Amino acid sequence: MSDQAVAKLLRSAEPLVIIEAAAGCGKTYQGAAYAQEVVGGLGDGRLLILTHTHAACSIFAERTKKAGARVEIKTIDALIAQIALAYHKPLALPRDLTSWAWQDGGQGFEIMATKVARFLRHQPIVARALAIRYPVIVCDEHQDSSVDQHSVVMSLLSAGATVRIFGDPMQRIYGAKSDKAAREDRTRWDALKAQGAGEKLITPHRWQTGCPLLGAWVIEARERLERGTPIDLTGGLPPSVRVLVGNNMAQMRTGYQLSKEHRAPIDKVLKSSPQLMVLASQNALVSSLRAFWFRAVPIWEGHTRDALGALIQTLHTGHGDPEALAQGVITFMGSVAAGFSPSSHGDRLLQEVRTGAARPTTGKPANIQAVARCLLNNPSHTGVSDALAKINALAKDAAAGFDTVKIDHGSELRDAVRIGQFAGPDEGFAEVSRMRSYSHPSLPKKVLSSIHKAKGLECDHAMLMACDSAQFSSTLYAKSKMYVALSRAKKSLTLVVPTVNPSPLFKLR
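Residues numbered from 1 in each chain as written. Predicted model: local features only at pLDDT ≥ 70, side-chain atom pairs only at ≥ 80, totals over all residues. Heavy atoms only, no water.

K.L.:
What is the right way to look at unusual backbone geometry in this model?
P.N.:
A negative phi angle is the norm for most residues apart from glycine, just as the trans form is the norm for most peptide bonds. You will see that Ala-92, though not glycine, has its phi angle at about 55 degrees, which is positive. Looking at the secondary structure, you find Ala-92 in the loop between α4 (76-86) and α5 (97-100). In this structure Ala-92 comes out as exposed when scored by relative accessible area, which is 60%. The phi dihedral of Ala-398 is positive, around 50 degrees, even though this residue is not glycine. Here Ala-398 shows up in the loop between α17 (381-396) and β11 (406-407). Exposure remark for Ala-398: the relative accessible area of 45% places this residue in the partly exposed category. (Helix = DSSP H or I, 4+ residues; strand = E, 2+ residues; numbered from the N terminus. Buried < 20%, exposed > 50% of the residue type's maximum accessible area, 1.4 Å probe, protein only.)

K.L.:
Looking at this structure, I do not really get the sheet that holds strand β6 (residues 197-201). What am I missing?
P.N.:
Two orientations exist for strands paired in a sheet by backbone hydrogen bonds: parallel and antiparallel. On the basis of which strands lie adjacent, the open sheet formed by 6 strands has the order β3-β2-β4-β5-β1-β6 and parallel pairing. This sheet does not close on itself; its edge strands, each paired only once, are β3 (71-75) and β6. Direction aside, the axes of adjacent strands within the sheet are offset by 15 degrees on average. Relative to strand β5 (residues 162-167), helix α8 (residues 147-158) is tilted by about 150 degrees, and along the sheet it contacts β1 (16-21), β2 (47-51), β4 (136-139) and β5. (Pairing = 2+ DSSP bridges. Axes fitted to C-alpha atoms, helices over the stretch in contact; angles between N-to-C directions. Contact = heavy atoms within 4.5 Å.)

K.L.:
I'm lost on the packing of helix α10 (residues 212-227) against helix α21 (residues 476-486) in this one. Help?
P.N.:
A pair of packed helices can be characterised by two numbers: the angle between their axes and the separation between those axes. Their axes nearest at 10 Å, the elements α10 and α21 cross at an angle of 180 degrees. Between α10 and α21, the interaxial angle falls into the category roughly antiparallel. Contacts between α10 and α21 involve Trp-217, Val-218, Ala-221, Arg-222 and Leu-225 from the former and Lys-479, Met-482, Tyr-483 and Leu-486 from the latter. Among the residues forming the contact of α10 with α21, the class breakdown is 7 nonpolar, no polar and 2 charged. (Parallel < 35°, antiparallel > 145°, perpendicular 65-115°, else oblique. Nonpolar A, V, L, I, M, F, W, Y, C, P; charged D, E, K, R; others polar.)

K.L.:
Where do I start with the sheet that holds strand β14 (residues 489-497) in this structure?
P.N.:
Reading across the sheet, the 5 strands line up as β8-β14-β13-β9-β12 and stay open at both edges, with parallel pairing between neighbours. The two strands at the open ends of the sheet, each matched to only one other strand, are β8 (241-245) and β12 (446-450). Pairs of neighbouring strands in the sheet enclose a mean axial angle of 20 degrees, with direction left out of account. As judged from the 5 bridges shared by strand β9 (residues 276-280) and β12, these two strands associate in the parallel manner. Within β12, the position partnered with Met-277 by the bridge is Val-447.

K.L.:
Can you help me understand the packing of aromatic side chains in this one?
P.N.:
Here the distance between the centres and the angle between the planes together describe a pair of aromatic rings. Throughout the structure, instances matching the rule amount to 3 aromatic pairs. Here the aromatic rings of Tyr-256 and Phe-292 are separated by 5.4 Å at their centres, their planes lie at 70 degrees, and the arrangement is edge-to-face. Note that Tyr-256 is positioned in the loop between β8 and α11 (260-272) and Phe-292 in helix α12 (residues 283-292), a separation of 36 residues in sequence. Here Tyr-256 falls in the buried class, since its relative accessible area comes to 8%. One aromatic cluster in this structure is built from Tyr-256, Phe-292 and Trp-293. Above the face of the Phe-292 ring, Arg-263 is positioned so that its terminal group lies 3.9 Å from the ring centre. (Phe/Tyr/Trp six-rings, centres within 6.5 Å; stacked < 30°, edge-to-face > 60°. Lys NZ or Arg CZ within 6 Å of the ring centre and 35° of its normal.)

K.L.:
Where do I start with empty space enclosed by the protein in this structure?
P.N.:
Which parts of space are left empty comes out when a probe the size of a water molecule is rolled across the atoms. The final tally for this structure, using the stated rule, is 1 cavity of 30 Å³ or more. Forming the walls of the largest cavity are Leu-50, Thr-51, His-52, Ile-76, Cys-139, Asp-140, His-142, Ser-145 and Val-153. Residue composition of the lining of the largest cavity, grouped by class: 4 nonpolar, 4 polar and 1 charged. (1 Å grid on protein atoms, 1.4 Å probe; cavity = no way out; pocket = protein on both sides within 12 Å on 5 of 7 lines; lining within 4 Å. Points joined across faces, edges and corners; volume = space filled by probe spheres on them.)

K.L.:
Quick question: what am I supposed to make of the environment of Gly-24 here?
P.N.:
One can find Gly-24 in the loop between β1 and α2 (27-38). The spatial distance from the C-alpha of Gly-24 to the C-alpha of Ile-202 is 8.9 Å, given a sequence separation of 178 residues. Those residues within four positions of Gly-24 in sequence are excluded, and the remaining contacts are Thr-203, Pro-204, His-205, Arg-206 and Trp-207.

So this is what it looks like as structure tokens:
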């Protein structure tokens, strides 16, 4: 369908419109243009844009800034939390949801979604009030919605809201990873399309000002992945697509090491590119690549950083218990830095806490003892903040025993330190979360990122590292992850593919 026809359908009287849009084919442009055009006719209501990532929130905020406060942009989780907070008593949820939601690795968000979805189904008057406040709702990347998140949107549709949905099943990289779950989500997407008017966006706009040949190649790669046939790398590639060999020689499962022969052309790409996003399938590989380039390339931390959420839970359960808080510090530092492990620092820290840090010592033990005293003197969120600040200072000064501690997630560490400035951990976490939501940090010129953190972003040049069978198998989830990675770059794409155990998603001979 043409862009003009899609624009017309969006502005039609249809209560539900579903637009399936491949990556880079103009869904953000269409959604933002529609929002800015119709917002003036909503009376006292506001147009609501729901996304799944804060990166997408930032992009929509930039594209709709002329509409001002008449357009509200938030993640679907934020909308659910807004409803849950207003009705926390009938939902049997705690008053402070910000930190609670991160319990057990973020399962609180799923609990909230389930409760809110059921609540709106049984309390249509609440859904109607929300539909009056938000008479028009634009849903972005809806293929990533859970059953309960989708139910919330459908309740608002039933209550009278006009709903416009954009999605692409090929970009489904959130949710369960099994083929069964992916097929169930695809079935649900197809059922959704049958409920309303819908069409497709197929023109690769992202590459029109970059490299059109790259855009055409990405579209072809998408079609191959959908058909279940491997992407052909044996010939006929556009000049903007390079394939480099990289056989990982690391002995450790999570490490990454190449021979000089294989490393040289990869280093050349990094050095010669004015801008480069290096993408990896898993967080562990991102950390390994950080070390691979001697920490010269920063990690894109994005908005969602699970380590701080887990630490907040420890601050609750371990309040008043220096040993429990010390264990929380060890776990947190293991998530945000290299060189700070139980064997290198953690065991000694626990020992110092247990013995009251009373024994005179020097060098590395004395520095660890200084960290322990922060927790002993104030076994609370403030003491943990002081302990983390002390570790950060020791690492920056390359103090004895801390010269090998390398901070990889500086923003996460800084936010954890800031928690100590507030009366309690919940207040601190709420403020950190608020500031993360409203801040729109820009990407460094050269950056490492997981594919999940890069979702919703685009760049001029990208390099996908370690295209092996461990990172990209033949599952539906792996195919979607591969497609998201391939479609980020506008001008050039470099693939680093091993000759040993390469991804089955590629045809190499």
